[in-house]
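Reading the structure
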Amino acid sequence: MLKKLFQAFRPPQNKNLPDPDAELALGALLVRIAQSDRAYLLEEISLIDRILARLYGHNAIEAAKVRATCEKLHAAAPETDTFGKLIRETTGLEERMAALDALWEVVLADNHEHQGEVEIVNDACKAMGLSVIDNKRAREKARAKLTRPVIDGVNNGGAA
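Computed from a predicted model, the values in this text were never measured in an experiment. Residue indices begin from 1 for each chain and proceed along its sequence in written order. For this predicted model, a pLDDT threshold of at least 70 governs which residues receive local features, and a threshold of 80 or more governs which side-chain atom pairs are given and counted, while totals over whole chains, interfaces and linings are taken from all residues. No hydrogens and no water enter the side-chain calculation; it runs on all heavy atoms of the structure.

Right, let's get into the pattern of salt bridges. Just to be clear on terms, a salt bridge is a Lys or Arg side-chain nitrogen sitting within 4 Å of an Asp or Glu carboxyl oxygen. The tally for this structure, following the rule as stated, stands at ten salt bridges. When the shortest N-O distance is used, the salt bridge between K145 and E105 registers 3.0 Å. A residue pair is termed long-range when its members are at least 10 positions apart, and K145 in helix α8 (residues 132-147) and E105 in helix α6 (residues 93-107) qualify at 40 residues. A single burial state applies to K145 and to E105, both of which are buried. In this structure, R139 engages E113 in a salt bridge whose closest nitrogen and oxygen atoms are separated by 3.1 Å. In this pair, R139 is assigned in helix α8 and E113 in the loop between α6 and α7 (115-127), connecting sequence segments 26 residues apart. Only protein chains enter the area calculation, which uses a 1.4 Å probe; residues under 20% of their type maximum are buried, those over 50% are exposed, and those in between are partly exposed. Judged by relative accessible area, R139 falls into the partly exposed class, the value being 22%. Look at the salt bridges and you will find they share partners, linking E113, R139, E140 and R143 into a network. Secondary structure elements are defined from DSSP: runs of H or I of at least 4 residues count as helices, runs of E of at least 2 residues count as strands, and each element is numbered from the N terminus.

As C-alpha cells, then:
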C-alpha cells in the first residue's frame, strides 16, 4: 500500500529510484532534517553517513551511496509521515527508537534546534508510533552525546 502511495507522488523523472525500505526512509528523513534550515552542512552530511554506517553496517563508501539515494528520495518524496509509517510498519520498537535517536542527532548536529527540524522529528515520531515521552528521551540522549567530554580526540559518548 505504501509502495503505491509513494509511487503516486514520485515525479516521472525519478522512475529509477528504488522503492524505499526502512533504511532509505530513515536516511531520507535525516536528509530532510539536515536540509530543512536551508544549510546542508558538511558536518551534517558526514553525520548522516556515520549514522547509516552504524545502524546498517555499511562502510564509508556504502553509507555515502545510500545517503545520495536518500537525498534523491527526499527530493521526490511526499510528506514526512509516509517515511515514518514505512519505518513503523517494517521495523520493531528498538529499531524505531534508534531511528528517532538518529533524527535528534542530526537536529542537534549544529548545536541549534531549528523549528522546522523539530517539527519534522515530531511528525516522524508520531508516524513511527512513538510517544511524546519517547521523543523527549531521544532528544536528551542526543544532547548527552554532544556534551560528553572529548578525550584524546575521541568523543566517548559513542556518537556516530
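From this point, the discussion proceeds with the structure in view.
Now for the environment of A77. Note on placement: A77 falls in the loop between α4 (60-76) and α5 (80-90). Relative accessible area serves as the criterion here: at 17%, A77 is assigned to the buried category.

Once that is clear, we can look at the side chain of E23. You can see E23 is positioned in helix α2 (residues 22-35). We note that E23 is buried and unpaired, the nearest opposite charge coming from R67 at a distance of 11 Å. Residues are treated as being in contact if the distance between any of their heavy atoms lies within 4.5 Å. Setting aside residues up to four positions removed in sequence, E23 forms contacts with L52, Y56, H58, V66 and C70. Charged residues are defined here as Lys and Arg on the positive side and Asp and Glu on the negative side; His and the ends of the chain fall outside this count.

Glancing now at the nonpolar core. Of all hydrophobic cores here, the largest spans 42 residues; its most connected members are L30, L100, L103, W104, V106 and M128. Only α2, α3 (42-56), α4, α5, α6, α7 and α8 provide two or more residues apiece to this core. At ten residues, the largest contribution of residues to this core is made by α2. The contact partners of W104, leaving out residues within four places of it in the chain, are E113, V118, V121, N135, A138, R139 and A142. Grouping buried Ala, Val, Leu, Ile, Met, Phe, Trp, Tyr and Cys residues that are joined through side-chain atoms within 4.5 Å yields what is termed a nonpolar core.

Take α8 next. Since there are 3.6 residues in each turn of an α-helix, residues three or four apart along the chain are aligned in direction. Take the residue count of a helix, subtract one, and multiply by 1.5 Å to get its expected span. Along its 16 residues, α8 runs 23 Å from first to last C-alpha, staying within 8% of the 22 Å computed at 1.5 Å per residue. Those residues of α8 that sit buried are D134, N135, A138, A142 and K145. Buried residues along α8 cover an arc of 100 degrees about the axis, so they all sit on one side. The exposed residues of α8 that point more than 90 degrees off its buried face are V132, K136, R137 and T147. What the arc measures is the spread of directions leading from the helix axis to the C-beta atoms.

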